[in-house]
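The primary structure of each chain is shown beneath.
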Amino acid sequence: MPLDYYDDDEDKGSAGKGARKDFDCPECSANNPLDDALKDGHEVMCNYCGCSFLVKATDDGRFKFREI
C-alpha cells in the first residue's frame, strides 16, 4: 500500500507569483525542478530515483505526495 507524504515547505498555499516550481522527493530527498507549478492532481516523477507521485493539495495549502 502506498504511503502518503507531506511537503513541509514554507510556501504553503501559494498560487500566484510564488507558486512552487520544484519539489523534494519523499523517497530520496532530492530536489526536483519543474517546468510548471505544482497543482492538485498532477503526476510528478523524481529525476533521481525514478519514483512517481500523485500530487494532492490539502485544505491548509500544503501538497501531499502519494506514490503511484
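Everything that follows concerns the structure shown earlier in this document.
Worth saying up front: this structure is predicted, and the values here are computed from it rather than measured.

A. Representation of the overall build of the chain. If you tally the helices and strands in the chain, you get zero helices and six strands. Its helices and strands in sequence order give the chain the pattern β-β-β-β-β-β, from N to C terminus. Counting the 68 residues in the chain, one finds 24% classified as buried. If you sum the accessible surface of the chain, you get close to 4600 Å²; carbon and sulfur atoms cover 45% of it.

B. Representation of the environment of Asn-32 within the structure. Turning to its location among the elements, Asn-32 is positioned in strand β3 (residues 31–33). Spatially, the C-alpha atom of Asn-32 lies 8.2 Å from that of Tyr-48, the residues being 16 residues apart in sequence. Once you skip the residues sitting within four places of it in the chain, Asn-32 turns out to touch Lys-21, Asp-22, Phe-23, Cys-25, Met-45, Cys-46, Asn-47 and Tyr-48. Polar contacts involving the side chain of Asn-32 include one to the main-chain carbonyl oxygen of Ala-30, which spans 3.1 Å. From its side chain, Asn-32 meets the backbone nitrogen of Asn-47 in a polar contact 2.8 Å long.

C. Up close: the nonpolar core. Core analysis: the largest hydrophobic core is formed by 11 residues, namely Phe-23, Cys-25, Ala-30, Leu-38, Val-44, Cys-46, Cys-51, Phe-53, Val-55, Phe-63 and Phe-65. Those residues in contact with Cys-51, other than ones at most four positions away along the chain, are Glu-27, Val-44, Met-45, Cys-46 and Glu-67.

So, how was this worked out
Residues numbered from 1 in each chain as written. Predicted model: local features only at pLDDT ≥ 70, side-chain atom pairs only at ≥ 80, totals over all residues. Heavy atoms only, no water. Helix = DSSP H or I, 4+ residues; strand = E, 2+ residues; numbered from the N terminus. Buried < 20%, exposed > 50% of the residue type's maximum accessible area, 1.4 Å probe, protein only. Areas by Shrake-Rupley, 256 points an atom, 1.4 Å probe, with all protein chains shown as cover. Contact = heavy atoms within 4.5 Å. Polar contact = N/O pair within 3.5 Å; in protein donor to acceptor, adjacent residues only side chain to side chain. Core = buried A, V, L, I, M, F, W, Y, C linked by side-chain atoms within 4.5 Å.

All quantities given are derived from atomic positions and should not be read as evidence of function.
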